[in-house]
Amino acid sequence: MRLQKIVFLSMVLLLTLMTVAIGGSYVLFTINNNREQQKDLFKTRAMILLDAAERQVLWDDRLAMKQFLVNEVKGSDLVNFAFVTVDGMPYVSTFSKGIPVALLQQPAVSEQPSVWEFQDTAGRVFYDIRSGKSPGGTVVHLGLKRRAIDRQNHNLFVAIAVISLVTTAAGILLAVVLARRATREIGVLADALRSYQDLNSNEDPAIFATSSDVAELVQSFKSLTEQRRLAAEEIHNLNMELEQRVKDRTSQLEAANKELDAFAYSVSHDLRAPLRGIDGFSLALLEDYADNLDTQGKDYLHRIRNACVRMGRLIDDLLQLSRITRGEIHLETVNLSDMVRNIAEELQRSDQSRGVDVQISPSVIADADPVLIRTVLENLVGNAWKFTRNTGRPRIEFGVTGDAGSKVYFVRDNGAGFNMAYVGRLFSAFQRLHKSDEFEGTGIGLASVQRIIHRHGGRIWAEGAERAGATFYFTLGEERNG
Ligand SMILES: Nc1ncnc2c1ncn2[C@@H]1O[C@H](COP(=O)(O)OP(=O)(O)OP(=O)(O)O)[C@@H](O)[C@H]1O
Ligand SMILES: [Mg+2]
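About the thresholds
Residues numbered from 1 in each chain as written. Chains lettered and ligands numbered in written order. Predicted model: local features only at pLDDT ≥ 70, side-chain atom pairs only at ≥ 80, totals over all residues. Helix = DSSP H or I, 4+ residues; strand = E, 2+ residues; numbered from the N terminus. Buried ≥ 20, exposed ≤ 12 C-beta atoms within 10 Å, placed from the backbone. Contact = placed C-beta atoms within 7 Å. Near = placed C-beta within 6 Å. Nonpolar A, V, L, I, M, F, W, Y, C, P; charged D, E, K, R; others polar. Axes fitted to C-alpha atoms, helices over the stretch in contact; angles between N-to-C directions. Left-handed = near helix turned anticlockwise from the far one by under 90°. Pairing = 2+ DSSP bridges. Parallel < 35°, antiparallel > 145°, perpendicular 65-115°, else oblique. Expected span 1.5 Å × (residues − 1).

**Topic: the overall build of the protein chain**
- Assigned secondary structure in the protein chain consists of ten helices and twelve strands.
- Counting only residues that meet the buried cut, the protein chain has 21% of its 482 residues in that class.
- Residue pairs at least 24 apart in sequence account for 63% of intrachain contacts in the protein chain once pairs closer than 6 positions are excluded.

**What about the site of ligand 1?**
- Neighbouring ligand 1 are 22 residues, the closest being Asn 383, Leu 433, Gly 441, Gly 445 and Leu 446.
- Among the elements of the structure, helix H8 (370-387) and helix H9 (445-455) are those that each provide at least two residues to the shell around ligand 1.
- The biggest single contributor to the shell around ligand 1 is H8, with four residues.
- A breakdown of the residues in the shell around ligand 1 according to their chemical character gives ten nonpolar, ten polar and two charged.

**Describing the packing of H8 against H9**
- At a closest axis distance of 9 Å, the pairing of H8 and H9 adopts a crossing angle of 145°. Here the hand of the crossing between H8 and H9 comes out left-handed. Contact residues: H8 offers Leu 372, Thr 375, Val 376, Asn 379, Leu 380 and Asn 383, while H9 offers Gly 445, Leu 446, Ser 448, Val 449, Ile 452 and Ile 453.
- Looking at side-chain class alone, the contact of H8 with H9 contains seven nonpolar, five polar and no charged residues.

**Observations regarding the pairing of strand E8 (residues 365-368)**
- Of the two faces of E8, only the one carrying Ala 366 and Ala 368 is buried; Ile 365 and Asp 367 on the other face are not.
- Sheet topology places strand E6 (residues 332-335) next to E8; four bridges connect them, and they run antiparallel. What sits directly across from Glu 332, in E8, is Ala 368.

**Structural notes on H9**
- Of all eleven residues making up H9, nine are buried, and the element is well covered by its neighbours.
- Those residues of H9 that sit buried are Gly 445, Leu 446, Ala 447, Ser 448, Val 449, Gln 450, Arg 451, Ile 452 and Ile 453.
- Against helix H6 (295-326), H8, strand E11 (460-464) and strand E12 (470-474) lie the buried residues of H9.
- Looking at the residues trailing H9, positive phi occurs at Gly 457, about 80°.

**Side note on the environment of Trp 461**
- Within the element layout of this structure, Trp 461 appears in strand E11.
- Sequence separation between Trp 461 and Phe 472 is eleven residues, and the spatial gap between their C-alpha atoms is 6.0 Å.

**Some details on the packing of helix H7 (residues 336-350) against H8**
- Where H7 meets H8, the closest approach of the two axes is 10 Å, and the angle between their N-to-C directions is 50°. Classified by the interaxial angle, the pair formed by H7 and H8 is oblique. H8 is crossed by H7, and the crossing has right-handed handedness. Mapping the contact onto sequence places Leu 336, Met 339, Val 340, Ile 343, Ala 344 and Leu 347 in H7 and Arg 374, Leu 377, Glu 378, Val 381, Gly 382 and Trp 385 in H8.
- Of the residues assigned to the contact of H7 with H8, the class counts are nine nonpolar, one polar and two charged.

**Brief notes about the sheet that holds strand E10 (residues 408-413)**
- Reading across from one edge, E7-E9-E10-E12-E11 is the order of the five strands in this open sheet, with mixed pairing throughout. Edge positions in the open sheet fall to strand E7 (357-360) and E11, since each of these has one partner strand only. The average angle at which neighbouring strand axes cross in this sheet is 15°, direction not considered.
- As paired strands, E11 and E12 are joined by five bridges and run antiparallel to one another.

**Examining H6**
- End to end, H6 covers 47 Å across 32 residues, agreeing with the expected 46 Å (1.5 Å per residue, within 8%).
- Burial in H6 covers these residues: Asp 317, Leu 318 and Ser 322.

**What to know about the pairing of E12**
- Because side chains alternate across E12, one face comprises the buried residues Ala 470, Phe 472 and Phe 474, and the other comprises Thr 471 and Tyr 473, none of which is buried.
- For E10 and E12, the ladder comprises five bridges, and the chain directions are antiparallel. When the bridges of E12 are listed, Val 411 appears paired with Phe 472.
- From the end of E11 to the start of E12, which pair antiparallel, there are five residues, and Arg 467 there has a positive phi angle of about 60°.

Remember, this is a structural readout, not a statement about activity or role.
Below you can see the structure in the form of structure tokens.
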């Protein structure tokens with residue numbers, strides 16, 4: 001309803017303005033034009049009259065002359081006329097109350113006919129159409145009221161007003177019809193679209209019975225909606241399928257992992273007994289048959305025992321690695337800064353000779369399993385401590401970076417570093433980028449770290465350069481620690 005009113009009022013306003021502008025300018029133009037034409041006409045008549053009057057003046061027959069002029073006035077737009085002698089004396093006139101003084105006082109006439117506009121005492125505007133001076137010295141005045149000229153224009157004005165009125169009325173009528181039709185179609189369109197908001201509706205609204213642009217529009221909306229519905233359905237199905245596939249793969253992987261862990265556990269467990277045997281009998285040989293062995297024999301036995309210790313450590317690490325994947329995870333809010341400080345203090349206590357500059361960002365908080373995250377930090381900070389052993393001014397840094405989206409924790413050192421070409425090996429068990437005689441270790445630490453980080457739903461990666469330090473970055477699951 002509001003829309004209809006707006007359309008209607010705008011159309012009416014526009015039509016009225018157009019009619020007034022066109023009609024008005026036409027009327028103004030024609031009135032002016034007519035006036036000029038009338039004046040010219042009267043000038044000519046004044047000349048003819050003067051010519052005719054000249055003869056009457058010569059005969060001095062004022063009566064005949066008046067009669068002649070009265071006949072001229074009849075049925076014409078002339079109001080009055082007057083003949084005036086050159087010395088300004090009235091000769092013959094049709095003015096009932098005498099020739100107006102204004103007429104007699106007019107400026108000296110020229111040879112040419114002219115038009116003079118003046119106002120009488122009642123405020124009416126007259127045109128005095130004067131002939132030029134005749135050879136006999138007479139001047140003829142034709143008094144003409146402006147109304148007489150305007151009377152002709154009046155008819156024209158009425159005609160234009162009537163045409164304008166009719167046009168405006170027709171326009172208004174048209175506006176009403178168009179506005180009604182437009183709003184009706186829009187209403188139908190809105191109804192039809194509303195009925196399609198319910199995507200399950202298959203019923204076609206009545207609009208399809210008619211053939212109109214709106215029906216076409218609704219039809220294309222319907223097909224678009226249908227396409228969208230089908231696309232959404234397809235996406236949903238694909239998602240379901242994908243979810244199922246992920247679930248299947250995950251359970252397969254979980255099963256394989258469990259199997260592998262069980263295998264690693266039993267293997268390492270079973271390896272302990274023969275290892276104990278080797279170590280025990282080597283010791284027995286050293287203790288009970290020392291006299292029968294030369295120095296080289298004893299040295300071999302010592303090497304066997306050292307290798308047993310090393311293998312024992314490897315078995316322990318393997319068992320620890322398989323334990324990491326087995327236990328439940330218990331998330332808590334953990335202050336990582338405090339944890340790193342504590343680890344660094346322990347390292348300092350165990351190795352008083354070292355002086356490492358440890359920089360820790362204060363209050364770095366995370367949701368993590370406190371036991372497992374401690375293992376992560378012990379390994380990362382422990383590595384940094386170890387690989388800065390030969391560095392002039394060792395420095396270890398712990399902090400957090402990343403935008404609001406996800407926090408990235410890091411442990412940085414300025415130690416031995418590593419060649420980025422081998423970065424892919426860092427997190428595999430028993431893979432080491434440094435020699436054991438330079439930096440001790442079994443190469444299991446980072447493999448455990450990666451497992452723990454993955455169990456938290458996070459990621460770990462490293463950057464480094466040889467003799468230029470290393471940085472280890474990790475996240476802890478974006479939803480929890482973002
Ligand atoms: N901060 C570091 N700077 C340079 N290299 C590093 C650093 N941390 C790890 N690495 C490289 O990655 C290898 C694997 O590290 P990982 O912690 O798994 O083993 P490890 O420290 O040698 O032994 P351990 O099992 O006792 O931790 C290291 O041997 C070393 O070559
Ligand atoms: Mg390590």
